[in-house]
Amino acid sequence: MVQAAATGQLIAEFEAHFASSKAMYDRAGESIAGGIVHDGRLQKPFPIYISHADGAYKYDLDGRRIIDYAMGHGSLILGHGDPEVRVALHAQIDKGTHFGSGHEGEIRWAEQIGAMVPSAERVRFVASGTEANLLAMRLARSHTGRNTILKFEGHFHGWSDYVMKSERPPFESPTVAAVPDDVLRTVATVPANNIEMLAERMSQGDVAAILVEPSGGSWGSIPLDADFLTALREIATMAGAVLIFDEVITGFRWAPGGAQQRFGVTPDVTSMAKIVAGGLPGGAIAGREEIMAYLEFRSEPGWAKRKIIHQGTFNANPLTAAAGVTCLTKCANPAVQEHCDRLAAQIRTAVNVTLDKRGLPGCAWGASSVFHIILDETPTNRASGDLHHPVGIAPERLKASAKAGRSAPLALAMQLEGVDLFAGGGMLSVRHTDEDVGFTLSAFGCALDRLEADGYFA
Ligand code: PMP
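Asks: Sorry, what's going on with the overall build of the protein here?
Replies: In terms of helices and strands, the protein carries 16 helices and 15 strands. By the compact-globule yardstick of 23 Å for 458 residues, the protein fits well, its C-alpha radius of gyration being 22 Å. Principal-axis analysis of the C-alpha atoms gives the protein an extent of 75 × 55 × 45 Å. Expressed as a percentage of its 458 residues, the buried residues of the protein come to 55%. Considering only contacts in the protein between residues 6 or more positions apart, those separated by 24 or more positions represent 71%. Counting every atom, the protein has about 19,100 Å² of accessible surface; 54% of that belongs to carbon and sulfur. Positive and negative side-chain charges of the protein, numbering 41 and 52 respectively, have mean locations separated by a distance of 3 Å.

Below is the structure:
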């Protein structure tokens, strides 16, 4: 494990450099529970605060430029303030932001999703990724008449009661704070990439749905084996269970049609949020007509017992719909994903080469337009450069890498150098350039200097 900082110089410099953020954080603590609005934004000694953003950059309270790799938690594949999304939003604001009635924007948005996502025979809108998965699970339960949801260790699907089990290490923990045991008993979890354990659990015959993040837990921080998704498709079909892809991150990022298009595996139901909503709050689910039909009102006998209830004040509100349609129309051009993928691969490769040259522990890995960095353990295959699957590091350690060990000081050092990583890594946008990547890699070198000077590698 990592030694405590020998000198504390990094923290001292961070506190001095971001003094305005410290003042803001102190103020936040007086009114906001915990001082932050998303657990993932926890940063010690304090998080940085942003005044505005544009393209690939955001600016701190003192107006200093920071290259952003959080990109709206992955929702801003077009970058901050995409000109066309802005025009669409301005036009919609003048027309109204909520009609409490249907509007053409929601239909255009559904049509656009249907045109891009292979599994999308029917679409329904929700307000977030958490809600998308809730609705997907409810549909699966209605369709199969079974209760159990099967998910994978380390896979994040939002913060609802059902999906918290085995989300973070220790994966085998039988309890989750404030989530009733009765709820947890309706969720089965198995390790990812283990077909035998999966098949064995499925043989009990009670699984309504297999829920999977198709890149692997937490946007591929625990990568899936190449043929795992194909196996899931076969196993779900054989068991009569619904296969749900949670494409909240991978949707429109892994390919215009998401991971399902990139891997050629079509799920029954797809959960979406982030990019689908063009950088505004929103989400959607899409799926086979036969399953989505449980949202319909029908007069046939017994239907009322299976028709699922679904409401939500802000579902497909006109503002989000306008941003969503505009963003997706742009994302239909594969040049968007290709650009982001190319830059992420450059970062992954260069980080590994740098660490190798300097003889420091760690690696960068990932797929598509994301990268993850760990500085505590070295996989046996680091020399191969652009890693998808770091060999020899346990899934628990990969998942914990976002904040644990040297990731926390690395994040501070990178912010001092003008780069904001996201959960120990990042996501690219079309607004990031080769120059930005060059800047980021020099910043990484300087950040390593800071960590070494401060005794983090001692
Ligand atoms: N599923 C996945 C795969 C996610 O990454 C996230 C959020 N990062 C969610 C669901 C939850 O989405 P939201 O924050 O919109 O509720």
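Asks: Honestly, the nonpolar core in this entry has me stumped. Any pointers?
Replies: Across soluble globular proteins, nonpolar side chains show a tendency to be buried alongside one another. Judged by nonpolar contacts, the single largest core of 65 residues is most densely connected at Trp-109, Ile-113, Phe-252, Leu-375, Leu-410 and Phe-444. Setting aside its immediate chain neighbours within four residues, Phe-444 contacts Val-351, Thr-354, Leu-355, Ile-373, Leu-375, Leu-410 and Met-414. Listed in part, the 22 residues of the second largest apolar core include Ala-132, Ala-140, Ile-244 and Ile-308.

Asks: Quick question: what am I supposed to make of unusual backbone geometry here?
Replies: The phi angle of most residues is negative, glycine excepted, and most peptide bonds adopt the trans form. Following Lys-44, the chain continues to Pro-45 via a peptide bond in cis, the omega torsion being 10°. Along the chain, the position of Pro-45 falls in the loop between helix H2 (19–28) and strand S1 (50–54). For the bond from Pro-169 to Pro-170, the omega torsion is -5°, close enough to zero to count as cis. As for its position among the elements, Pro-170 is in the loop between strand S5 (148–152) and helix H6 (181–184). Look at Met-71: it is not a glycine, yet its phi comes out positive at around 40°. With respect to the secondary-structure elements, Met-71 resides in the loop between strand S3 (65–68) and helix H3 (83–95). The backbone phi angle of Ala-423 is positive, close to 50°, even though this residue is not glycine.

Asks: It is not clear to me how the domain arrangement of the protein should be interpreted in this structure. Could you clarify?
Replies: Accessible area lost on assembly of the parts is the figure often given for the size of an interface. Structurally, the protein comprises domain 1 (9–79 + 335–453) and domain 2 (83–331). Relative to domain 2, the C-alpha centre of domain 1 lies at a distance of 27 Å. Counting residues at the interface gives 32 residues for domain 1 and 31 residues for domain 2. Where domain 1 abuts domain 2, roughly 2,400 Å² becomes buried across the two surfaces, and 62% of that area is made up of carbon and sulfur atoms. By the criterion of area lost to domain 2, the three top residues of domain 1 are Leu-78, Gln-337 and Lys-399, representing 27% of everything that side buries. At the junction of domain 1 and domain 2, the tally comes to two salt bridges. At the junction of domain 1 and domain 2, the tally comes to 15 residue pairs in polar contact (both at pLDDT 80 or more).

Asks: Got a minute to help me understand the site of the ligand in this structure?
Replies: Around the ligand, a shell composed of Ser-128, Gly-129, Thr-130, Asn-133, Phe-156, His-157, Gly-158, Glu-213, Asp-246, Val-248, Ile-249 and Lys-274 is seen. Gly-129 has a polar backbone atom sitting 2.8 Å from an oxygen atom of the ligand. In this structure, a nitrogen atom belonging to the ligand sits 2.9 Å away from a side-chain N or O atom of Lys-274. A total of 390 Å² of accessible area belongs to the ligand in isolation, and the protein chains cover 82% of it. Tallying contributions element by element places helix H5 (residues 129–144) first for the shell around the ligand, with three residues.

Asks: Help me out: how do you make sense of the pairing of strand S13 (residues 370–374) in this one?
Replies: Along any regular strand, the residues point their side chains to alternate faces of the sheet. With five of five residues buried, S13 lies mostly within the body of the structure. Alternating positions in S13 separate into two faces, Val-370, His-372 and Ile-374 on one and Phe-371 and Ile-373 on the other, with burial throughout. Counting the residues in the hairpin turn of strand S12 (residues 363–365) and S13 gives four residues, including Gly-366, whose phi is positive at 145°. Strand direction decides the pairing type here: S13 and strand S15 (residues 425–427), joined by three bridges, are antiparallel. Residue pairing across strands places Val-370 opposite Met-427, the latter belonging to S15.

Asks: When you look at the sheet that holds strand S6 (residues 187–190) in this model, what are you seeing that I'm missing?
Replies: Strand pairing in a sheet is mediated by backbone hydrogen bonds. Such pairs are either parallel or antiparallel. Taken together, seven strands build an open sheet; the order of strands is S4-S11-S10-S9-S7-S5-S6 and the sheet is mixed. Both outer strands of the open sheet, strand S4 (122–126) and S6, are each paired with one neighbouring strand and no more. Here the average twist between neighbouring strands, direction ignored, is 20°. Where strand S10 (residues 269–273) meets strand S11 (residues 283–287), five bridges bridge the pair, whose relative direction is antiparallel. Of the residues in S11, the one forming a bridge with Ala-273 is Gly-283. Sheet contacts for helix H9 (residues 228–239): S5, strand S7 (207–212) and strand S9 (242–246); angle to S7, the most-contacted strand, approximately 170°.

Asks: Teacher, can you tell me more about the sheet that holds S15 here?
Replies: Ordered by their spatial adjacency, three strands build an open sheet running S12-S13-S15, and the pairing between neighbours is antiparallel. Looking along the sheet, the strands with just one partner apiece sit at the ends: S12 and S15. On average, adjacent strands in this sheet sit at an angle of 15° to one another, irrespective of strand direction.

Asks: Before we go on, may I ask you to explain the pattern of salt bridges in this structure?
Replies: Side chains bearing opposite charge may pair, as long as their charged atoms lie close to each other. Following the criterion strictly, the structure yields 28 salt bridges and no others. Note that Glu-167 and Lys-399 form a salt bridge whose closest N and O atoms lie 2.8 Å from each other. Of the two residues, Glu-167 sits in the loop between S5 and H6 while Lys-399 sits in helix H14 (residues 395–400), which places them 232 residues apart along the sequence. Judged by relative accessible area, which is 4%, Glu-167 ranks as buried. Residue class for Lys-399 comes out buried when judged on its relative accessible area of 12%. For Glu-452, the salt bridge is made with Arg-358, and the minimal N-O distance between the two is 2.9 Å.

Here is what the cut-offs are and how they apply
Residues numbered from 1 in each chain as written. Predicted model: local features only at pLDDT ≥ 70, side-chain atom pairs only at ≥ 80, totals over all residues. Heavy atoms only, no water. Helix = DSSP H or I, 4+ residues; strand = E, 2+ residues; numbered from the N terminus. Rg over C-alpha atoms; globule rule 2.2 N^0.38 Å. Buried < 20%, exposed > 50% of the residue type's maximum accessible area, 1.4 Å probe, protein only. Contact = heavy atoms within 4.5 Å. Areas by Shrake-Rupley, 256 points an atom, 1.4 Å probe, with all protein chains shown as cover. Lys, Arg positive; Asp, Glu negative; His and termini not counted. Charge placed at Lys NZ, Arg CZ, Asp CG, Glu CD. Core = buried A, V, L, I, M, F, W, Y, C linked by side-chain atoms within 4.5 Å. Domains from an automatic or database assignment. Buried area = accessible area lost by both parts, 1.4 Å probe. Salt bridge = Lys/Arg side-chain N within 4 Å of Asp/Glu carboxyl O. Polar contact = N/O pair within 3.5 Å; in protein donor to acceptor, adjacent residues only side chain to side chain. Near = heavy atom within 4 Å. Pairing = 2+ DSSP bridges. Axes fitted to C-alpha atoms, helices over the stretch in contact; angles between N-to-C directions.

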